[in-house]
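A structural walkthrough
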Amino acid sequence: MQGDGSGYLQMSENQKVKPASVAGATPPQQAGELYDRWSWVKHSVWTDPMLARLDKNEPGTKWFRLWDKVMDPHTLEVGFWGVWRNDGAPGVDGQTVEGFQEGLSEQIQQLREELRHGTYRAAPLRRTWLPKPGSNEKRPLGIPVVRDRTVQGALKAVIEPIFEREFAEHSYGFRPGRGCREAVGRVEELLRSGHTVVVDADLKSYFDTIPHERLMEKVEERIVDGKVLGLLRQFLKAGVLEELVGWQPTETGTPQGGVISPLLANLYLNELDHEVARRGWHMVRYADDFVILCLSEEQALEVMIFLREWVETAGLTLHPTKTRVVNHGQGEGFDFLGWHFKRGYKWPREKSQDKLRTTIREKTPRTSGHSLPQIIVSLNRSLRGWYGYFKDSVKTVLHKQDQFVRRRLRAMLRKRQKRPGSGKTTKDHQTWTNAWFSQQGLFSLRSGSCQYD
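What you are looking at is a predicted structure, and each value in this text was computed from that prediction instead of being measured.

A few words on the sheet that holds strand E10 (residues 289-294). In spatial order, the strands read E9-E10-E6-E11; together these four strands make up an open sheet with antiparallel pairing. If you trace the sheet from one side to the other, it starts and ends with strand E9 (282-286) and strand E11 (324-327), each paired once. For this sheet, the mean angle separating the axes of adjacent strands, direction not counted, is 20°. Summarising the sheet, strand E6 (residues 197-202) and E11 pair through four bridges and their orientation is antiparallel. The residue of E11 that forms the bridge with Val 197 is Asn 327. Across the sheet, helix H8 (residues 180-192) is in contact with E6, E9 and E10; its angle to E9 comes to roughly 160°. Sitting on the sheet, helix H12 (residues 261-278) touches E9 and E10, and the angle it makes with E9 is about 170°.

Turning to the packing of aromatic side chains, a few remarks are in order. Taken as a whole, this structure holds 16 aromatic pairs when the rule is applied. Both rings, one in Trp 46 and one in Trp 63, keep their centres 5.2 Å apart while their planes meet at 70°; by these two values the pair is edge-to-face. Placement of the pair is Trp 46 in the loop between helix H1 (28-37) and helix H2 (48-56) and Trp 63 in strand E3 (residues 62-63), with a sequence separation of 17 residues. Between the aromatic rings of Tyr 120 and Phe 235, the centroid separation amounts to 6.4 Å while the plane-to-plane angle is 70°, which identifies the pairing as edge-to-face. Placement of the pair is Tyr 120 in the loop between helix H6 (104-117) and strand E4 (125-131) and Phe 235 in helix H11 (residues 226-236), with a sequence separation of 115 residues. Looking at Tyr 120, the relative accessible area reads 2%, which means it is buried. In textbook terms, an aromatic cluster arises when at least three aromatic residues are bridged by ring pairs, as seen for Phe 80, Trp 81, Trp 84 and Phe 100. We note Arg 178 situated over the ring of Tyr 172; from NZ or CZ to the ring centre the distance is 5.1 Å. The ring of Trp 339 is capped by Lys 346, whose NZ or CZ atom sits 4.7 Å from the centre of that ring.

Reading the values: rules and limits
Residues numbered from 1 in each chain as written. Predicted model: local features only at pLDDT ≥ 70, side-chain atom pairs only at ≥ 80, totals over all residues. Heavy atoms only, no water. Pairing = 2+ DSSP bridges. Helix = DSSP H or I, 4+ residues; strand = E, 2+ residues; numbered from the N terminus. Axes fitted to C-alpha atoms, helices over the stretch in contact; angles between N-to-C directions. Contact = heavy atoms within 4.5 Å. Phe/Tyr/Trp six-rings, centres within 6.5 Å; stacked < 30°, edge-to-face > 60°. Buried < 20%, exposed > 50% of the residue type's maximum accessible area, 1.4 Å probe, protein only. Lys NZ or Arg CZ within 6 Å of the ring centre and 35° of its normal.

Structure (structure tokens):
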């Protein structure tokens, strides 16, 4: 095995040394294509020779000497600015992103020194519980301190390209240049092509149950830098701190809330992705949420048998009630990424609609002391964001949400006139017409603008 100083190591099948290519300038005709493919990487981290090696994606390639990249101040700054863009709540130490930023250069230097001398220790995550829309259940969220999020961001900038090169085409979650819209579009494409029997799968508490040792084995298939591996283990084993409960160890899982967690979660399911593709089945996956679209119920049954076996072997659990086979071709519906698909149409699922209505209620209390223009500005931010994702819904559902918004505003305006009521009467509609709200600048989901249609 041999390295060339770029953190690259090639192992042939018979373990013979392959001569390293000369690290020179990338040929001009290839440079443009290379930069297009890797435009999302941090070029302060990934040099041209490293990208050229990465782009070859040769079997058996392993990466070493990555530690210097992780602890480089420029990489740590890259990590922090990613944290800054996402903002987020403080961890167990109570430090905010703004507080960390005030002494950024000193904070970065301190992290570098701790990493360089091996004294860096990840703090426990602050555990909080978030309600699941339309359910009495809650999901755990582990919030690292800002300094740990910064280091995780630096680590992610270094190792993400190594694994991204091998991820499957049908994996859309938390990946560069991909997202929910592309995943939903692929589902629609498959439905139109006749893949109308859908295996709607749900991995129970996936992020919290990933086996650490098996996950690290997958990391070690590509990375042999002991310090990088040790840092990953620190984050996995940091534990959680919960009010009234105290510190608890994290024996499994990569808790949601960590910067590095989505990448590791994708890596653990990468084997499943490729095995499904090898069998000729059509999966669309966004993190732990995925569907497999089949041509027949017989094929769907075969998929279900395979899934149960693979998931059990991987140390995971299929949700017993949420995992099911849906015959979309016979009028049955299924939910995926906030949408409900049925009879060739799609609209926001009930939980997505409930979440929007909850937001609207919070912004339109009858006793609000804000002026109507202020309330409309606040509402419009939420409505425009919701419309940006759900604008392709059937119009009747969008119209229904518009009606709910105006009814809330009419009830508030009645209250200001010291009149009781819910804003549903004919007189209320005549006093504050739909066109009148449009004139006030209220955004309409149905029309996609501030113009009422």
